[in-house]
Amino acid sequence: MISQRKSTSHIADANGHSYGGGGSSSPLPSRKLRYGNGSMHSAAHNPMQQSPCNSFLLGGMDKRRRGAYHPRQRTLWYRIFFSTPARAVATVLIVLFLSWRYAIAPTLHSIYEWGLYLSSDGQSTQYNSKSAFLSVADDSKLKKEILKPLKELKENERLLRDSIDALRKPNVKTGAKRREAIGKIVPQWYSRNGEVHVTKKESIIERVTNNVVQSSNEKPKENSTTKESNSIDVNKARITEESEIPAQVQKVITEHKRTLLTDIQKQLDEPPPSSASIKTLHTSKVDMKNSPNSCPNDGFNLPKDLSTTLVIQCSLDRIWLLAETCNRWADPIVLVVYLPSETAKDSLQVTKAIDSIANLMANCPQMTVLPHIHIEEKNQGKGMSSYPVNAMRNKGLGAVKTSHILIMDVDLIPSADLSDVIKDNLLDQISAKNGEVPTHAMVVPAFERKVDPPCSDIETCKGYLQKDPNFLPTLFDDMKECVQEKKCIVFQSDNNWEGHHTTKTQKWLKREWYDEPSENDEQKKRTIRQIKCFDSLRYEPYVVLPWCPTASSSKPQPLTPYYDERFYGYGKNKIQHISHLRYRGVPFYVLPRSFVVHHPHPESNVKQVWNDRKKNKLHGEMDRLYGKYIDELEDEYSDVKGVVPECD
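Let's talk about the side chain of Ser415
Then step 1. Mapped onto the secondary structure, Ser415 falls in the loop between strand 9 (412-414) and helix 17 (418-432).
Then step 2. A relative accessible area of 0% places Ser415 in the buried class.
Then step 3. A distance of 3.0 Å separates a polar atom in the side chain of Ser415 from a polar atom in the side chain of Asp417.
Then step 4. The contacts of Ser415, once residues within four sequence positions are left out, are Arg328, Thr474, Ser594 and Phe595.

Focus on the pairing of strand 11 (residues 446-449)
Then step 1. The alternating pattern of strand 11 places Ala446 and Glu448 and Phe447 and Arg449 on opposite faces, both of which are buried.
Then step 2. Pairing of strand 11 with strand 17 (residues 596-598) involves 3 bridges; the strand directions are parallel. Within strand 17, the residue paired with Ala446 across the bridge is Val596.

Regarding the sheet that holds strand 7 (residues 367-374)
Then step 1. A sheet is described by the order of its strands in space; here 7 strands give the open sequence 7-6-5-8-15-10-16, paired in mixed fashion. Only two strands of the sheet have a single neighbouring strand rather than two, namely strand 7 and strand 16 (588-590). Direction aside, the axes of adjacent strands within the sheet are offset by 25° on average.
Then step 2. Sheet topology places strand 8 (residues 404-409) next to strand 15 (residues 542-546); 3 bridges connect them, and they run antiparallel. Bridged to Ile405 within strand 15 is Leu545.

A short note on unusual backbone geometry
Then step 1. Here Asp452 and Pro453 are connected by a cis peptide whose omega angle stands at 0°.
Then step 2. Even without glycine at this site, Lys486 takes up a positive phi of about 60°.
Then step 3. Looking at where Lys486 falls in the secondary structure, it is placed in the loop between helix 19 (476-484) and strand 12 (488-490).
Then step 4. Non-glycine residue Arg511 carries a positive phi angle of around 65°.
Then step 5. Structurally, Arg511 can be placed in the loop between helix 20 (505-509) and strand 13 (514-515).

Observations regarding the packing of aromatic side chains
Then step 1. All chains considered together, the criterion is met by 16 aromatic pairs.
Then step 2. Their ring planes at 45° and their centres at 6.4 Å tell us that Phe491 and Tyr542 sit as a pair that is tilted. Linking Phe491 in the loop between strand 12 and helix 20 with Tyr542 in strand 15, this pair joins segments that are 51 residues apart in sequence.
Then step 3. Residue class for Phe491 comes out buried when judged on its relative accessible area of 8%.
Then step 4. Residue classification places Tyr542 among the buried residues on the basis of a relative accessible area of 3%.
Then step 5. Geometrically, the ring pair formed by Phe534 and Tyr539 is edge-to-face, given 5.0 Å between the ring centres and 75° between the ring planes. As far as the burial class goes, Phe534 and Tyr539 line up, both buried.

Observations concerning the packing of helix 21 (residues 575-583) against helix 23 (residues 618-636)
Then step 1. Where helix 21 contacts helix 23, the two axes come as close as 10 Å, and the packing angle between them is 15°. Overall, the two elements helix 21 and helix 23 adopt an arrangement that is roughly parallel. Helix 21 and helix 23 meet at a crossing whose hand is right-handed. Within the contact between the two elements, helix 21 uses Ile575, Gln576, Ser579, His580 and Tyr583 and helix 23 uses Tyr626, Tyr629, Ile630, Leu633 and Glu634.
Then step 2. A class-by-class count of the residues in the contact of helix 21 with helix 23 yields 6 nonpolar, 3 polar and 1 charged.

What to know about the pattern of salt bridges
Then step 1. A full pass over the atoms with the stated rule returns 15 salt bridges.
Then step 2. One salt bridge connects Glu459 with Lys462, and the closest N-O pair in it is separated by 3.9 Å. Of the two residues, Glu459 and Lys462 both sit in helix 18 (residues 458-467), 3 residues apart, roughly one turn of that helix.
Then step 3. The network of salt bridges with shared partners includes Glu448, Lys450 and Asp494.

So, helix 19
Then step 1. Within helix 19, the full set of buried residues consists of Phe476, Met479 and Cys482. Buried residues of helix 19 fall within an arc of 125° about the axis and therefore sit on the same side. Across from the buried face of helix 19, at angles greater than 90 degrees, the exposed residues are Asp477 and Gln484.
Then step 2. Where helix 19 is buried, its residues touch strand 11, strand 12, helix 20 and strand 17.
Then step 3. A positive phi of about 60° marks Lys486, the residue just after helix 19.

Here we look at the environment of Gly571
Then step 1. Within the element layout of this structure, Gly571 appears in the loop between strand 15 and helix 21.
Then step 2. Since its relative accessible area comes to 13%, Gly571 is described here as buried.
Then step 3. On a C-alpha basis, the gap between Gly571 and Val606 in space is 9.5 Å, while along the polypeptide they are 35 residues apart.
Then step 4. With residues up to four places along the chain from it excluded, the contact list for Gly571 reads Trp610 and Met622.

A word on the confidence of the model for the chain
Then step 1. For the chain, per-residue confidence averages 74 on the pLDDT scale, and residues scoring 70 or more make up 66% of the total.
Then step 2. Element-level mean pLDDT values for the chain span from 34 in helix 10 (residues 224-241) up to 96 in strand 16.
Then step 3. Taken together, the stretch residues 66-71 has pLDDT below 50 and engages in 6 contacts with residues farther than four places along the chain or on a different chain.
Then step 4. Scored below 50 in pLDDT, residues 121-137 makes 20 contacts in the model with residues more than four places away or belonging to other chains.

Cut-offs and rules
Residues numbered from 1 in each chain as written. Predicted model: local features only at pLDDT ≥ 70, side-chain atom pairs only at ≥ 80, totals over all residues. Heavy atoms only, no water. Helix = DSSP H or I, 4+ residues; strand = E, 2+ residues; numbered from the N terminus. Buried < 20%, exposed > 50% of the residue type's maximum accessible area, 1.4 Å probe, protein only. Polar contact = N/O pair within 3.5 Å; in protein donor to acceptor, adjacent residues only side chain to side chain. Contact = heavy atoms within 4.5 Å. Pairing = 2+ DSSP bridges. Axes fitted to C-alpha atoms, helices over the stretch in contact; angles between N-to-C directions. Phe/Tyr/Trp six-rings, centres within 6.5 Å; stacked < 30°, edge-to-face > 60°. Parallel < 35°, antiparallel > 145°, perpendicular 65-115°, else oblique. Left-handed = near helix turned anticlockwise from the far one by under 90°. Nonpolar A, V, L, I, M, F, W, Y, C, P; charged D, E, K, R; others polar. Salt bridge = Lys/Arg side-chain N within 4 Å of Asp/Glu carboxyl O. Arc of directions from axis to C-beta. pLDDT = per-residue confidence, 0-100.

Right under this line is the structure:
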């Protein structure tokens, strides 16, 4: 036997592997293998040894390897769900989910609802012990009782929204009761502009009054036939309508018209102002010291006399925009209306102009109107517009009698609570300064209402608010919703992002209105967010500024510089004033909660001139003047500390 084994060259197993042979010392495989069940099987007849098994139920492992690792045979469910760690984790998670979804959660839900039922009606015995363990939501009557408070809340919300919508209707005048009370307390101030409730019929009487008054001051350009025909038509209207107008109303209208016409005639008789008499940066200190203003000599009693005047300038074709402003702004308004000299000298045109102004003032007793006659220079060039925007602003400032001012363009409409929010925040600033009025600039966030396509004529633009009283956001939540619906954007962010980017309107919409109190502040008072730096030096916000001093003085001086009247037309006229404030070291803060929103309107002729660089020189002149103006500011305020820097 020994010799026979040594002479064997190769011995192959069932898989074709050879062992020994050629003097190899490799051991021969055992003829019998022991498996997990302890039985002995022949290798030649063992199917597991011939084809390895990667069964899914066994976790993809060879049965021979399982025999080595698991001496005892496992049950089928164990091999399916727990053969590997991954399967075990997945099985546990699935079991927990199903238990929670179909057993634990429904049970807790029923217990919770049953507890609500017992707490609301603990004496009730309409349910037996068996139904007590059922879900309360399965009972229709009990479900109605539970949902009844929610239905009441929804009904109250609906009634509240209906009330708000009723207040926003055009025929409801915001502040009517307040104006009526003011009329009883201070009737002279209330009637300073001839406050009456004018109807369309009253304008006929006004036109008659205008024609009578103006005919004594000017020589009409129309021929006698035209004049006679007009007089006949108007007199007929007067006969039919005069009886419907109270005599007192006619007297107020006539007196107010005489005042306006007197102002216009006075300006026509005066020589036009020379270039040497205009207000500029070089005359700023003298202007603030010596220029006439309307500030009271007795000063103000804080906080009750704290108030802000809205100063607006516009041309005749934009007056219609002020109707909504008058409804929302209860504090004083000063309006300066642009009248070209040709219009002022034409009796029919000036009659029409004053008629438009009077209809507006009748429903806006807090507004003072100042006509501004402007003589167009002949050497301006083709298509040139010399609209005296800054001169008109300064004229409006001369009529301000309040502690603060907000200078805006006529196409910006304030939120309904803007005047009140301004006053509240001014009081906070004054209390923080121990009763002193700080020389701060308070930025009012500006937005823009978008329409697609843009309105191309005035009547279409007017129709937005007539058809939808909620067209312009009224309060903060309205504006936030308008921005979310992409109906409103930051003012001019689509074509001049630098103009208002520094306000950080996205933070403002998230109610991030206040700075954290400093560590040295023992009282931990909150202050509105201060602008630490300008993202761009082209930042031109609308700001609330101090104007009249609170202390008594025989010759009070305004606290804020005038606008530079070298700037006219469109462009750079507002940013020059912001730059002036910045170089003076004025800090800027952002007003919380309230805002102004731009109403769509057709593009103005002045802006068309600004955009047309080929035919007009306005754009180039203002750009060059602004660069020169910045150099002048740097020289004038080179030693001022605390100038707001430009952001890195």
